[in-house]
Structures are given as C-alpha cells and as structure tokens.
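# Fold and geometry: a report
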Amino acid sequence: MIKNWSVKDIKAEINKIVYAANDKLMDGFVTFGYKQDLYQILWHCEDALEKCSSYEGEEEFVKKREQKKLLKILGKKENK
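Residues numbered from 1 in each chain as written. Predicted model: local features only at pLDDT ≥ 70, side-chain atom pairs only at ≥ 80, totals over all residues. Heavy atoms only, no water.

### Thoughts on the overall build of the protein
- Counting secondary structure elements, the protein contains 3 helices and 0 strands.
- Relative to the 2.2 N^0.38 estimate, which gives 12 Å for 80 residues, the radius of gyration of the protein is 17 Å and therefore markedly larger than a compact globule would have.
- Of all 80 residues assigned to the protein, the portion counted as buried reaches 4%.
- The distance from the centre of the 16 positive side-chain charges to the centre of the 14 negative ones in the protein is 7 Å. (Helix = DSSP H or I, 4+ residues; strand = E, 2+ residues; numbered from the N terminus. Rg over C-alpha atoms; globule rule 2.2 N^0.38 Å. Buried < 20%, exposed > 50% of the residue type's maximum accessible area, 1.4 Å probe, protein only. Lys, Arg positive; Asp, Glu negative; His and termini not counted. Charge placed at Lys NZ, Arg CZ, Asp CG, Glu CD.)

### Here's the deal with a positive patch on the surface
- Where like charges cluster on the molecular surface, the positive patch consists of Lys64, Arg65, Lys68, Lys69, Lys72 and Lys76.
- Mapped onto the elements, Lys68 comes out in helix 3 (residues 58-79). (Patch = residues over 30% accessible without salt bridge, like charges linked within 9 Å, V, L, I, M, F, W, Y side chains within 5 Å. Areas by Shrake-Rupley, 256 points an atom, 1.4 Å probe, with all protein chains shown as cover. Salt bridge = Lys/Arg side-chain N within 4 Å of Asp/Glu carboxyl O.)

### Observations regarding a nonpolar patch on the surface
- Where nonpolar side chains cluster on the molecular surface, the patch consists of Met1, Trp5, Val7 and Ile10 and spans about 490 Å² of accessible area.
- Here Val7 shows up in helix 1 (residues 7-21).

### Some thoughts on the pattern of salt bridges
- Here the structure, examined in full by the defined rule, presents 1 salt bridge.
- Note that Lys16 is salt-bridged to Glu13, the shortest N-O span being 2.9 Å. Of this pair, Lys16 and Glu13 are both found in helix 1, 3 residues apart, which corresponds to roughly one turn of the helix.
- Take Glu13: its relative accessible area is 44%, and that puts it in the partly exposed class.

Purely geometric numbers; function is a separate question.
What follows is the structure, given as structure tokens:
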C-alpha cells in the first residue's frame, strides 16, 4: 500500500476544529458540537489503534509522549 495521506494535513484539519471550538463569538451550543467532533475523532482513533498489531519500540514511543505530556503539566504547575 502506498501512503496517500499526510499526518500534517490531518493535524491541520483537527486544529481547525479546535479553533472553531474556542471561538468566543459563538455560543456554547455551537462550540460544544465542535468539541463533540473532536471526541468522535479521538474515539475512532482509539478503536482503530485497538485493531492494529503491536510493534517493537511502540511502548517506548508511547511512553515518550506520556513523559512529554507530564513534563508540560509539571512546568505549568511550577509557573503558577
């Protein structure tokens, strides 16, 4: 199979939804709908990942993301 998608483009589309979900000119009924779209994408990705095989180095790849996320959270707490 030839890879015919771009992670960069997919992330850009998701960022459009995030921008819309935080639009201060829209009411919560509308922006919550956008956030629901993000949840649906998240859940779809989670379901898709469950269907995939496990690979060498995958655990470290995921752990590295969790570490970065934790460091970001700790950095915000220290700056308060």
